[in-house]
Amino acid sequence: LFRSVTTKYFRTASGISTGSTLEQIRKAFPDAVPLSDVPNIYDDIKEGIVFEFLDKPTSGFPCIVVMVHPPGESHVATQAQVASVLEEGNSD
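These numbers come from a predicted model, not from an experiment.

What follows is about the packing of aromatic side chains. Inspection of the entire model under this criterion finds two aromatic pairs. Plain terms: the ring middles of F29 and F51 are 5.3 Å apart, the flat faces sit at 50° to each other, and that makes the pair tilted. Here F51 lies in strand β4 (residues 49–53) and F29 lies in the loop between α1 (22–28) and β2 (33–35), a separation of 22 residues in the sequence. Side by side, F29 and F51 carry an identical accessibility label, which is buried. For the ring pair Y42 and F53, a centre distance of 5.8 Å and an interplane angle of 80° mean the geometry is edge-to-face. With Y42 in strand β3 (residues 38–44) and F53 in strand β4, the pair connects residues that are eleven residues apart, well separated along the chain. Of the two residues, Y42 and F53, neither departs from the other in class, the shared state being buried.

Below, the structure is given as structure tokens:
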């Protein structure tokens with residue numbers, strides 16, 4: 001089960017949401033690290049939370065998507081990958 005959020009309405013217990021900066025996220029989730037093949041996505045596998053940025057982030061870059069997954073597991077899909085799958089489904 002994987003859920004994603006793009007609105008600032010939902011927040012973590014530490015107040016992190018979309019719009020939070022990489023610096024804020026790293027303070028709240030110090031184990032969040034960039035995926036080796038997708039440097040604009042930071043995953044804290046242990047906590048089960050992922051943060052996506054528009055581009056490879058610097059400390060002040062805002063997060064655009066927050067995703068949650070079962071702690072200890074990670075099966076991350078980027079917005080572009082999701083859009084591609086949806087586009088393929090609409091071409092039938």
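A complete count under the given rule lists two salt bridges for this structure. The partner of E23 in a salt bridge is K27, and the shortest N-O contact between them spans 3.9 Å. Of this pair, E23 and K27 both sit in helix α1, four residues apart, which is roughly one turn of that helix. Residue K27 is classed as exposed on the basis of its relative accessible area, which comes to 64%.

The buried count for β3 comes to six of seven residues, which makes it a mostly enclosed element. Of the strand pairs in this sheet, β2 and β3 are connected by three bridges, and their pairing is antiparallel. Bridge pairing in β3 links P34 to Y42. Linking two consecutive strands that pair antiparallel, namely β2 and β3, is a turn of two residues. One ladder, built from four bridges, connects β3 with β4; its direction is antiparallel. Within the sheet, the bridge partner assigned to D43 lies in β4 and is V50.

A separate point is the pairing of β4. For β4, the buried fraction is high: five of the five residues fall into the buried class. Covered by surrounding structure in β4 are I49, F51 and F53 together with V50 and E52, the residues of both alternating faces. With antiparallel pairing between neighbouring strands as the criterion, β3 and β4 make up a hairpin whose turn holds four residues, including G48 at a positive phi of roughly 80°. With five bridges joining them, β4 and strand β5 (residues 63–68) adopt antiparallel strand pairing. Within the sheet, the bridge partner assigned to F53 lies in β5 and is C63.

What counts, and where the lines are drawn
Residues numbered from 1 in each chain as written. Predicted model: local features only at pLDDT ≥ 70, side-chain atom pairs only at ≥ 80, totals over all residues. Heavy atoms only, no water. Phe/Tyr/Trp six-rings, centres within 6.5 Å; stacked < 30°, edge-to-face > 60°. Helix = DSSP H or I, 4+ residues; strand = E, 2+ residues; numbered from the N terminus. Buried < 20%, exposed > 50% of the residue type's maximum accessible area, 1.4 Å probe, protein only. Salt bridge = Lys/Arg side-chain N within 4 Å of Asp/Glu carboxyl O. Pairing = 2+ DSSP bridges.

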